[in-house]
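Listed below are the residues making up each chain.
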Amino acid sequence: SEMCIRDSLNTSASILVSEDQSLKLIDRLFTCLTYSNTAVKCASAWCLRTIASSLPAMTSALLDSTMDRLSLIRQPSDALVGYGYACAALLASVSECPLGVPNILPKLAFNIGEELLRTASQSNNLQLAEQKTSIGWILLGAFMTNGTSLVRKHLSRLKKLWNLTFPTSLEQLESEKKRGDV
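Being a predicted model, the structure only gives us computed values, none of them experimental.

Here we come to the overall build of the protein chain. Each helix and strand counted, the protein chain has ten helices and zero strands in total. Start at the N end of the protein chain and walk to the C end: the helices and strands fall as α-α-α-α-α-α-α-α-α-α. Relative to its full complement of 182 residues, the protein chain shows a buried share of 40%. Long-range pairs, those at least 24 residues apart, make up 68% of the contacts in the protein chain between residues at least 6 apart in sequence. Total accessible area on the protein chain is roughly 10,400 Å²; 57% of this is exposed by carbon and sulfur atoms.

On to a nonpolar patch on the surface, then. Residues Met-144, Trp-162 and Phe-166 make up a contiguous nonpolar surface patch of roughly 290 Å² in combined accessible area. On the secondary structure map, Trp-162 appears in helix α9 (residues 155–165). For Trp-162, a relative accessible area of 33% translates into the label partly exposed.

Another aspect to go through is the packing of aromatic side chains. Counted under the stated rule, the structure contains two aromatic pairs. Where Phe-30 meets Tyr-83, the ring centres are 6.1 Å apart and the plane angle is 50°; that geometry is what we call tilted. Placement of the pair is Phe-30 in helix α2 (residues 19–32) and Tyr-83 in helix α5 (residues 78–93), with a sequence separation of 53 residues. Taking relative accessible area as the criterion, Phe-30 reaches 3% and is therefore assigned buried. Between the aromatic rings of Phe-110 and Phe-143, the centroid separation amounts to 4.9 Å while the plane-to-plane angle is 55°, which identifies the pairing as tilted. With a gap of 33 residues between them, Phe-110 in helix α6 (residues 104–120) and Phe-143 in helix α7 (residues 126–143) connect regions that are remote in the sequence.

So, about the confidence of the model for the protein chain. Overall, the predicted model of the protein chain reaches an average pLDDT of 81, with 85% of residues at or above 70. The secondary-structure element of the protein chain with the lowest mean pLDDT is helix α1 (residues 2–9), recorded at 50, while α5 shows the highest, at 91.

Let's shift gears to the state of the cysteines. One pass over the full model with this rule turns up zero disulfides. No disulfide involves Cys-32; its sulfur sits 8.4 Å from the nearest other cysteine sulfur, which is in Cys-47.

Below, the discussion takes up the nonpolar core. Membership of the largest hydrophobic core comes to 43 residues, with the highest contact counts inside it found for Leu-48, Leu-62, Leu-63, Leu-70 and Leu-139. Contributing elements (two or more residues each) for this core: α2, α3 (38–54), α4 (59–72), α5, α6, α7, α8 (148–153) and α9. Broken down by element, this core gets its largest block of residues, ten residues, from α5. For Leu-63, the residues in contact, after removing those within four places along its chain, are Cys-87, Leu-90, Leu-91, Val-94 and Leu-105.

In this section: the side chain of Asn-146. Looking at the element boundaries, Asn-146 is found in the loop between α7 and α8. At 3.4 Å, the side chain of Asn-146 and the backbone oxygen of Ala-142 are in polar contact.

Looking now at the pattern of salt bridges. Counted according to the given criterion, the structure contains three salt bridges. Linking Lys-41 and Asp-78 is a salt bridge whose minimum nitrogen-to-oxygen distance equals 3.4 Å. Of the two residues, Lys-41 is situated in helix α3 and Asp-78 in helix α5; the sequence distance between them amounts to 37 residues. On the basis of relative accessibility, which here comes to 30%, the residue Asp-78 falls in the partly exposed class. Residue Arg-157 pairs with Glu-114 through a salt bridge whose shortest N-O separation is 2.4 Å. Taken together, the residues Arg-157 in helix α9 and Glu-114 in helix α6 connect sequence positions 43 residues apart. Exposure remark for Arg-157: the relative accessible area of 27% places this residue in the partly exposed category. Residues joined in a network through salt bridges with shared partners are Glu-114, Arg-118 and Arg-157.

Parameters and conventions
- Residues numbered from 1 in each chain as written.
- Predicted model: local features only at pLDDT ≥ 70, side-chain atom pairs only at ≥ 80, totals over all residues.
- Heavy atoms only, no water.
- Helix = DSSP H or I, 4+ residues; strand = E, 2+ residues; numbered from the N terminus.
- Buried < 20%, exposed > 50% of the residue type's maximum accessible area, 1.4 Å probe, protein only.
- Contact = heavy atoms within 4.5 Å.
- Areas by Shrake-Rupley, 256 points an atom, 1.4 Å probe, with all protein chains shown as cover.
- Patch = residues over 30% accessible without salt bridge, like charges linked within 9 Å, V, L, I, M, F, W, Y side chains within 5 Å.
- Salt bridge = Lys/Arg side-chain N within 4 Å of Asp/Glu carboxyl O.
- Phe/Tyr/Trp six-rings, centres within 6.5 Å; stacked < 30°, edge-to-face > 60°.
- pLDDT = per-residue confidence, 0-100.
- Disulfide = S-S within 2.5 Å.
- Core = buried A, V, L, I, M, F, W, Y, C linked by side-chain atoms within 4.5 Å.
- Polar contact = N/O pair within 3.5 Å; in protein donor to acceptor, adjacent residues only side chain to side chain.

Listed below in structure tokens is the structure:
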């Protein structure tokens, strides 16, 4: 039933994001992405995805804006998680966009996810490391919804991330368990 509601919105959703209302609605949704409540962040990300699915012409702009905001955050915060959720939701909606988005946008999302995973281990702040790891994997998962032709080009980099993340042997796993940093 959710798919039917989103499909039935079509261009009638343009009233919600008309020039008078657009900045207000989109800005309010971006503000909600910074709330501490996870349900609010998820609902806001879903609303952005629904707008992008109903009005495919807005997908690129919303995805670009979300990735810009996400890449600027350097401290642990609710905004990092919220913008990560929104970026993943918008990235996953690209497959529903009839003309797609410029190929550079999913690649940038992959790069942001990869950077978050690589810098998570370098962080002294445990909360920031957890947030970066979580959002990095969420972005990579959303990236993989864009089809085999795009994912195939990044498979070697993805395999390197998996190898760096997961223990290669049972002995490594046991030593991580003893250290407490599984």
